[in-house]
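Listed here are the chains, written in short residue letters.
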Number of protein chains: 4
Amino acid sequence: MQKRNATVAVIGAGDYIGAEIAKKFAAEGFAVFAGRRNGEKLAPLVKEVEAFGGTIFGRSLDARKEEEITAFLADADKHAPLEICIFNVGANVNFPILETTERVFRKVWEMACYAGFLAGREAARLMLPRGRGNIFFTGATASLRGGIGFAAFASAKFGLRAVAQAAARELWPKNIHVAHLIIDAGVDTQWVRELIKQREGQAAVENLDPNRLMPPASVAEAYWELYRQPRTAWVFEQEIRPFGEKW
Amino acid sequence: MQKRNATVAVIGAGDYIGAEIAKKFAAEGFAVFAGRRNGEKLAPLVKEVEAFGGTIFGRSLDARKEEEITAFLADADKHAPLEICIFNVGANVNFPILETTERVFRKVWEMACYAGFLAGREAARLMLPRGRGNIFFTGATASLRGGIGFAAFASAKFGLRAVAQAAARELWPKNIHVAHLIIDAGVDTQWVRELIKQREGQAAVENLDPNRLMPPASVAEAYWELYRQPRTAWVFEQEIRPFGEKW
Amino acid sequence: MQKRNATVAVIGAGDYIGAEIAKKFAAEGFAVFAGRRNGEKLAPLVKEVEAFGGTIFGRSLDARKEEEITAFLADADKHAPLEICIFNVGANVNFPILETTERVFRKVWEMACYAGFLAGREAARLMLPRGRGNIFFTGATASLRGGIGFAAFASAKFGLRAVAQAAARELWPKNIHVAHLIIDAGVDTQWVRELIKQREGQAAVENLDPNRLMPPASVAEAYWELYRQPRTAWVFEQEIRPFGEKW
Amino acid sequence: MQKRNATVAVIGAGDYIGAEIAKKFAAEGFAVFAGRRNGEKLAPLVKEVEAFGGTIFGRSLDARKEEEITAFLADADKHAPLEICIFNVGANVNFPILETTERVFRKVWEMACYAGFLAGREAARLMLPRGRGNIFFTGATASLRGGIGFAAFASAKFGLRAVAQAAARELWPKNIHVAHLIIDAGVDTQWVRELIKQREGQAAVENLDPNRLMPPASVAEAYWELYRQPRTAWVFEQEIRPFGEKW
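Just so we're clear, the structure is a prediction, and the values are computed from it rather than from any experiment. Each chain has its residues counted from 1, following the order in which its sequence is written. To label them, take the chains in the order written and letter them from A, then take the ligands in the order written and number them from 1. Restriction of local features to residues with pLDDT of at least 70 applies here, the model being predicted, together with a cutoff of 80 or more for giving and counting side-chain atom pairs; totals for whole chains, interfaces and linings are based on all residues. Note that the side-chain values use all heavy atoms of the structure and ignore hydrogens as well as water.

## Notes on the packing of helix α3 (residues 66-79) of chain B against helix α4 (residues 102-127) of chain B
All names here are of chain B.
Part 1: The angle between two axes is taken between their N-to-C directions and runs from 0 to 180 degrees, where each axis is a line fitted to C-alpha atoms and a helix contributes only its stretch in contact. Labels follow the DSSP assignment, with helices taken as runs of H or I lasting at least four residues and strands as runs of E lasting at least two, numbered in each case from the N terminus. Remark: α3 packs on α4, axes separated minimally by 9 Å, with the N-to-C direction vectors making an angle of 35 degrees. With respect to the hand of their crossing, α3 and α4 are arranged in right-handed fashion. Within the contact between the two elements, α3 uses Glu-66, Ile-69, Thr-70, Leu-73, Ala-74 and Asp-77 and α4 uses Ala-115, Leu-118, Ala-119, Arg-121, Glu-122, Ala-123 and Leu-126.
Part 2: Residue polarity is assigned by list, with Asp, Glu, Lys and Arg as charged and Ala, Val, Leu, Ile, Met, Phe, Trp, Tyr, Cys and Pro as nonpolar; anything else, Gly included, falls into the polar class. For the contact of α3 with α4, a count of residues per class yields eight nonpolar, one polar and four charged. By the definition used in this description, the sense in which the near helix is turned from the far one sets the handedness, with an anticlockwise turn below a right angle giving left-handed and a clockwise turn giving right-handed. Any pair of residues with heavy atoms lying within 4.5 Å of one another is described as a contacting pair.

## A few points about the relation of the copies chain A and chain B
Part 1: We superpose the copies by least squares over the C-alpha atoms of residues that have a pLDDT of at least 70 in both of them. Rotating chain A by 180 degrees about the axis while translating it 0.0 Å along that axis superimposes it on chain B, leaving an RMSD of 0.0 Å. Each copy turns onto its partner about a two-fold axis.

## Remarks on the relation of the copies chain D and chain C
Part 1: With an axial shift of 0.0 Å and an RMSD of 0.0 Å, the rotation relating chain D to chain C amounts to 180 degrees.
Part 2: The residues that chain D uses at the interface reappear at the interface of chain C in 100% of cases, marking a shared surface.

## What to know about unusual backbone geometry
Part 1: Although it is not a glycine, Asn-175 of chain B sits at a positive phi angle of roughly 70 degrees.
Part 2: Here Asn-175 of chain B is to be found in the loop between α5 (151-171) and β6 (176-183).

## Concerning the pattern of salt bridges
Part 1: Any Lys or Arg side-chain nitrogen found within 4 Å of a carboxyl oxygen on Asp or Glu counts as a salt bridge. Applying the stated rule across the entire model yields 100 salt bridges over all chains.
Part 2: Its salt-bridge partner being Arg-241 of chain C, residue Glu-239 of chain C comes within 2.8 Å of it at the nearest N-O pair.
Part 3: Partly exposed describes any residue whose relative accessible area lies between the buried limit of under 20% and the exposed limit of over 50%, with all areas from a 1.4 Å probe on protein chains only and scaled to the type maximum. The exposure class of Glu-239 of chain C is partly exposed, given its relative accessible area of 26%.
Part 4: Of the charged contacts, one joins Arg-121 of chain D and Glu-122 of chain D as a salt bridge, the two residues approaching to 2.9 Å between their closest N and O atoms. The pair formed by Arg-121 of chain D and Glu-122 of chain D is uniform in burial state, with each residue classed as buried.
Part 5: By sharing partners, the salt bridges in this structure join Arg-37, Asp-62, Arg-64, Lys-65 and Glu-110 of chain A together with Glu-102 and Arg-106 of chain B into a single network.

## Digging into the interface of chain D and chain C
Part 1: Counting from both sides, the interface comprises 41 residues of chain D and, opposite them, 41 residues of chain C.
Part 2: The quantity reported as buried area is the accessible area (1.4 Å probe) lost by two parts once they are put together, taken as the sum for both. Here chain D packs against chain C, burying approximately 3,500 Å² in sum over the two surfaces, 65% of which is carbon and sulfur.
Part 3: Sorting the residues of chain D by area buried against chain C places Ile-97, Leu-98 and Trp-109 of chain D first, and these three jointly supply 18% of that buried surface.
Part 4: Between chain D and chain C we count two salt bridges in total.
Part 5: Two residues, Glu-110 of chain C and Arg-106 of chain D, come together in a salt bridge whose shortest N-O distance is 3.0 Å.
Part 6: Elements represented by at least two residues in the side of chain D that touches chain C include exactly α4 (102-127) and α5 (151-171) of chain D.
Part 7: Grouping the amino acids of the side of chain D that touches chain C by side-chain chemistry returns 23 nonpolar, eight polar and ten charged.

## Side note on the state of the cysteines
Part 1: To count as a disulfide, a pair of cysteine sulfur atoms needs to be within 2.5 Å. With the rule as written, the count across this model stands at zero disulfides over all chains.
Part 2: Just so you know, Cys-113 of chain B is unpaired, no disulfide at all, and the nearest cysteine sulfur is the one on Cys-113 of chain A, 7.9 Å from it.
Part 3: What makes Cys-113 of chain B buried here is its relative accessible area of 1%.
Part 4: The structure places no disulfide on Cys-85 of chain C, whose sulfur is separated from the nearest cysteine sulfur, that of Cys-113 of chain C, by 15 Å.
Part 5: Cys-85 of chain C gets classed as buried once you look at its relative accessible area, which sits at 0%.

## Some thoughts on the environment of Ala-71 of chain B
All names here are of chain B.
Part 1: Topologically, Ala-71 is positioned in helix α3.
Part 2: Overall, the relative accessible area of 46% leaves Ala-71 in the partly exposed class.
Part 3: Sequence-wise, Ala-71 and Val-219 are 148 residues apart; in three dimensions their C-alpha atoms are separated by 27 Å.

## Digging into the packing of helix α4 (residues 102-127) of chain A against helix α5 (residues 151-171) of chain A
Residues and elements named next belong to chain A.
Part 1: As a packed pair, α4 and α5 sit with axes 8 Å apart at the nearest point and diverge in direction by 15 degrees. Of the possible angle classes, the one that applies to α4 and α5 is roughly parallel. Between α4 and α5 lies a crossing of right-handed hand. Note on element contacts: α5 touches α4 through Ala-151, Ala-152, Phe-153, Ser-155, Ala-156, Lys-157, Gly-159, Leu-160, Val-163 and Leu-171, opposite Val-104, Phe-105, Val-108, Trp-109, Ala-112, Cys-113, Gly-116, Phe-117 and Ala-124.
Part 2: Split by residue class, the contact of α4 with α5 holds 15 nonpolar, three polar and one charged. Each angle receives one of four descriptions, namely roughly parallel if under 35 degrees, roughly antiparallel if over 145, roughly perpendicular if within 65 to 115, and oblique otherwise.

## Some details on the pairing of strand β5 (residues 133-140) of chain D
All names here are of chain D.
Part 1: Of all eight residues that make up β5, eight are buried, and the element is covered over most of its length.
Part 2: Here the rule is simple: two strands pair whenever DSSP picks up at least two bridges between them. In this sheet, β5 lies alongside strand β4 (residues 82-87) in parallel orientation, the contact comprising four bridges. Within β5, the residue paired with Cys-85 across the bridge is Ile-135.
Part 3: Throughout, right-handed denotes a crossover for which the path from the first strand over the helix to the second runs clockwise when the strands point away from the viewer. Chirality of the crossover, the property in question, places the unit of β4, α4 and β5 among those that are right-handed.
Part 4: As defined by bridge partners, β5 adjoins strand β6 (residues 176-183) across eight bridges and the pair is classed as parallel.

## Observations concerning the side chain of Ser-155 of chain C
Part 1: Relative to the elements of secondary structure, Ser-155 of chain C occurs in helix α5 (residues 151-171).
Part 2: Counted as a polar contact is a pair of N or O atoms within 3.5 Å, where, for protein atoms, one must be capable of donating a hydrogen and the other of accepting one, and residues adjacent in sequence contribute only when both atoms are in side chains. In this structure the side chain of Ser-155 of chain C is engaged in a polar contact, spanning 2.9 Å, whose partner is the backbone oxygen of Gly-159 of chain D.
Part 3: Setting aside anything within four residues of it in sequence, one finds Ser-155 of chain C in contact with Phe-105 and Phe-150 of chain C together with Cys-113, Gly-159, Leu-160, Ala-162 and Val-163 of chain D.

## Some details on the packing of aromatic side chains
Part 1: Each aromatic pair joins two rings of Phe, Tyr and Trp (for Trp, the six-membered one) with centres within 6.5 Å, and gets the label stacked for planes under 30 degrees apart, edge-to-face for over 60, and tilted for any other angle. Taken as a whole and assessed by the stated rule, the structure comprises 75 aromatic pairs over all chains.
Part 2: With a centroid separation of 5.3 Å and an interplanar angle of 80 degrees, the aromatic rings of Trp-172 of chain C and Trp-234 of chain C are classed as edge-to-face. Taken as a pair, Trp-172 of chain C in the loop between α5 and β6 (176-183) and Trp-234 of chain C in strand β7 (residues 234-241) lie far apart in primary sequence, 62 residues in all.
Part 3: On the basis of relative accessible area, Trp-172 of chain C is assigned to the buried category, the value being 0%.
Part 4: These aromatic residues form a ring-pair network of at least three members: Phe-105, Trp-109, Tyr-114 and Phe-117 of chain A together with Phe-105, Trp-109, Tyr-114 and Phe-117 of chain B.

## Notes on the interface of chain A and chain B
Part 1: Contacts between the two partners involve 41 residues from chain A and, on the opposite side, 41 residues from chain B.
Part 2: Of the roughly 3,500 Å² buried between chain A and chain B, counting both surfaces, carbon and sulfur atoms make up 65%.
Part 3: When the buried surface of chain A facing chain B is broken down by residue, Ile-97, Leu-98 and Trp-109 of chain A rank first, second and third, together holding 18% of it.
Part 4: If you look at where chain A meets chain B, you find two salt bridges.
Part 5: Between the two partners, chain A and chain B, sit 18 residue pairs in polar contact (both at pLDDT 80 or more).
Part 6: Elements with a minimum of two residues in the side of chain A that touches chain B: α4 and α5 of chain A.
Part 7: Classifying every residue of the side of chain A that touches chain B by side-chain character gives 23 nonpolar, eight polar and ten charged.

## Quick notes on the pairing of β6 of chain D
The side chains of a regular strand alternate between both faces of the sheet.
Residues and elements named next belong to chain D.
Part 1: With respect to burial, β6 is a largely interior element, eight of its eight residues being buried.
Part 2: What you see with β6 is no split at all: Ile-176, Val-178, His-180 and Ile-182 on one side and His-177, Ala-179, Leu-181 and Ile-183 on the other are buried throughout.
Part 3: Note on the crossover from β5 through α5 to β6: the handedness is right-handed.
Part 4: Across four bridges, the pairing between β6 and strand β7 (residues 234-241) is parallel. The residue of β7 that forms the bridge with Leu-181 is Gln-238.

## So, helix α2 (residues 43-51) of chain B
All names here are of chain B.
Part 1: Within α2 the residues assigned to the buried category are Leu-45, Val-46 and Val-49. Down the axis, α2 shows its buried residues gathered within 100 degrees of arc, on one side only. In this structure, α2 carries Pro-44, Lys-47 and Ala-51 as exposed residues pointing more than 90 degrees from its buried face.
Part 2: Elements in contact with the buried residues of α2: α1 (17-27), β2 (31-36) and β3 (55-60).
Part 3: One or two steps after α2, the chain reaches Gly-53, where phi turns positive at roughly 95 degrees. The arc in question is the one traced by the directions running from the helix axis out to the C-beta atoms.

## Considerations on the confidence of the model for chain A
Part 1: Here pLDDT means the predictor's own confidence in every residue, given as a number from 0 to 100. Across chain A, the average pLDDT comes to 97, with 100% of residues at or above 70.
Part 2: Model confidence for the complex is summarised by a pTM of 0.97, with the ipTM given as 0.97.

What follows is the structure, given as structure tokens:
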């Protein structure tokens with residue numbers, strides 16, 4: 001692996017998608033700064049990346065705090081120029097409208113939208129003087145559709161998409177690739193398998209069609225391809241789903 | 001005018017659109033509860049409505065406060081059953097992404113999205129037991145497009161649209177008409193005329209094409225027609241613009 | 001009923017939606033020119049309209065023939081100025097892609113898209129010199145979604161929507177209201193009831209939830225409201241569905 | 001270059017995008033079947049591809065003729081299994097609605113929509129028995145927007161998009177990747193440069209910002225990346241544009 005003098009910041013480096021993104025970009029030679037609420041949970045990821053010779057720094061990060069985002073990205077940029085910032089914080093909840101408390105509504109927005117705005121803005125601040133960079137946001141089905149029970153989550157995801165659009169229109173001409181990657185499928189995580197079990201029973205999980213859920217590594221690959229696009233033909237938004245998904 | 005035993009709550013009863021909505025529904029016999037940040041500014045509207053025999057109550061209302069929304073709507077509903085709740089708070093600002101402060105981003109969201117969620121939820125809570133009602137949200141061009149400089153405003157308006165969608169899908173089958181009215185045009189207000197003056201000069205305002213800006217009363221009419229739709233053919237969303245508008 | 005010196009042309013005046021449109025506008029005092037493939041089938045409609053004092057002319061019309069469209073509209077316009085042209089030809093078919101013959105694909109397009117283009121263009125030709133008029137197109141769920149089996153139908157409906165958009169952008173500033181009304185629901189027709197029977201059984205039809213299907217008269221009402229919109233706040237597109245519909 | 005036992009059919013192999021697609025896939029070891037109206041114009045492309053050791057067959061092909069499409073694809077499939085079919089026929093015209101003749105409307109549809117349907121269907125027929133394949137369609141700004149003067153072109157492009165959607169929903173679960181690539185920009189062709197010259201003058205062309213137009217090779221690269229996507233995360237649609245493009 002040839003090391004690069006460049007960092008990738010992963011904000012929302014959870015056990016699945018975030019971890020795969022970190023591994024992919026580390027394997028491509030980037031120094032990865034991985035942030036999540038409880039940084040201690042990053043230990044296995046750090047170990048795995050270091051085992052194959054990658055460079056990674058795991059940090060505790062409350063992405064809803066402006067000063068934490070700023071410090072996290074400044075830190076990454078001090079190590080080596082921040083080449084890519086990926087915002088991947090999720091906050092998927094479902095409640096009937098009457099049971100959606102103001103606390104839930106606000107918290108989901110702070111995690112899935114406001115934090116993304118902060119991350120995008122601060123990444124842009126570091127990238128603009130160099131005239132290059134990439135800012136990517138993870139979207140979901142709820143980025144485009146306010147389904148029943150998703151007032152809080154869809155509202156935050158719609159809002160994040162608007163941030164991405166406004167940033168893209170402003171920053172693309174300055175050579176910063178802003179993109180919004182919509183995952184229109186269930187991702188293969190413990191949480192999704194648990195949901196399937198609750199809804200469809202234990203057998204449904206055990207006999208799960210291997211093509212039904214999206215492997216987290218596929219999301220990492222999609223980000224990698226977005227990164228590799230020549231600026232003569234950038235994509236702002238794309239939806240990915242497994243070949244067997246209904247849409 | 002025949003008085004009805006029903007109230008209309010207008011949240012965000014500003015001098016233009018909100019005032020026209022209040023006058024229209026008062027003229028149709030509804031008791032109107034009009035709320036805006038500074039309730040004293042409602043005096044001319046109250047006077048005008050009362051002059052033609054309409055019933056109206058003007059209230060100071062910080063729509064970002066859960067308890068104020070709840071009290072305002074409960075109050076309206078106590079007067080007579082809440083038939084329609086119209087959320088019309090605006091918060092149109094434009095800043096380059098780097099100059100969009102966290103304070104602005106949060107405040108715009110609280111005004112244009114979070115307050116709308118609260119209003120919709122609390123209106124639904126009052127309407128559901130009666131199995132009827134109407135909850136309408138005012139949208140803008142920025143509800144569908146995150147243009148340059150609109151990270152804050154578009155994010156909030158996208159978010160509000162998601163709330164409206166989720167609420168509509170849940171509440172329509174319970175006979176509550178949730179709709180989202182997108183105004184894809186400049187509305188004829190002092191503020192918009194000032195913008196035109198700043199951008200295009202005094203002459204541009206003086207010679208303003210009478211068809212260029214949308215009269216606020218047209219928005220009120222559009223809401224009236226949404227209200228009158230039979231439930232056999234409800235509209236969730238429509239964009240209105242003057243015939244000469246480019247889109 | 002006060003008669004107006006104005007005609008409404010209904011192209012695709014079938015037994016349900018088209019007939020209701022004809023009755024509605026005739027009841028509002030317009031002279032209605034109703035065209036359908038086999039004009040003889042219009043006899044009951046003509047009788048019904050004349051019974052309440054309305055003015056209606058039923059014609060055989062192959063809307064896929066340029067000269068027939070031209071003659072039909074010229075004829076209407078000779079009777080009295082053509083105020084509204086409504087294109088309502090349907091051609092809903094569903095075939096797996098491999099079984100969609102070139103003949104079906106072409107025919108569906110000719111009926112649902114090409115004929116609509118001809119109707120819109122020829123109506124505009126008559127309306128432009130007078131600087132006023134209305135051209136409305138009936139859309140469907142398939143105007144926005146290419147579902148499985150709908151390669152032919154959705155392709156034609158997407159195409160019709162594009163015609164409507166291009167015409168609206170060109171003709172609105174010339175005071176001609178072009179609009180596209182999307183019916184996102186099953187309409188209560190013999191054909192739809194037959195489909196339900198085939199798919200869900202006889203009992204499903206007999207116990208049909210009265211709110212499930214859209215009454216054709218609701219579509220006529222929606223057109224009437226589009227017609228009544230002031231040009232300060234025109235709508236180009238709206239989707240209508242019954243309150244109980246899933247979307 | 002390692003040769004593959006697989007063919008790529010390029011329908012609409014014009015001098016720019018089509019030619020670059022052909023070169024790219026030939027360089028990747030595919031046998032390319034390139035079809036365009038006047039096959040003799042393919043001589044330089046064939047020469048260029050053969051010069052670098054690629055395999056290519058140039059054919060005269062009227063894509064609007066069912067039997068020609070069928071024969072062309074069967075021919076390709078006989079040489080080696082048809083792995084990818086790319087439909088790239090353009091037909092960009094602009095006329096005011098009144099000047100859009102029925103002949104133009106029909107011809108543009110036959111070229112840009114109907115031919116695409118035939119290509120997609122016949123490619124699917126060859127691919128389905130093998131349970132694998134890729135069918136890609138080239139879209140344009142007019143695939144999503146019916147701008148003034150584009151009644152014919154947008155109608156055809158909207159229609160093509162619907163075909164692609166219906167085909168994708170039916171064929172993805174059968175392991176055939178159907179995708180729609182929207183080029184939302186001017187492509188650097190002689191024709192586009194001529195348009196710029198006409199509209200903006202000779203100087204505009206001579207001093208053309210090198211980032212303004214999309215290089216045709218970028219479209220070929222985008223198709224290549226679509227082809228390489230794992231089926232766990234397929235993209236149906238994406239819009240590409242140069243980083244400096246306004247949207």
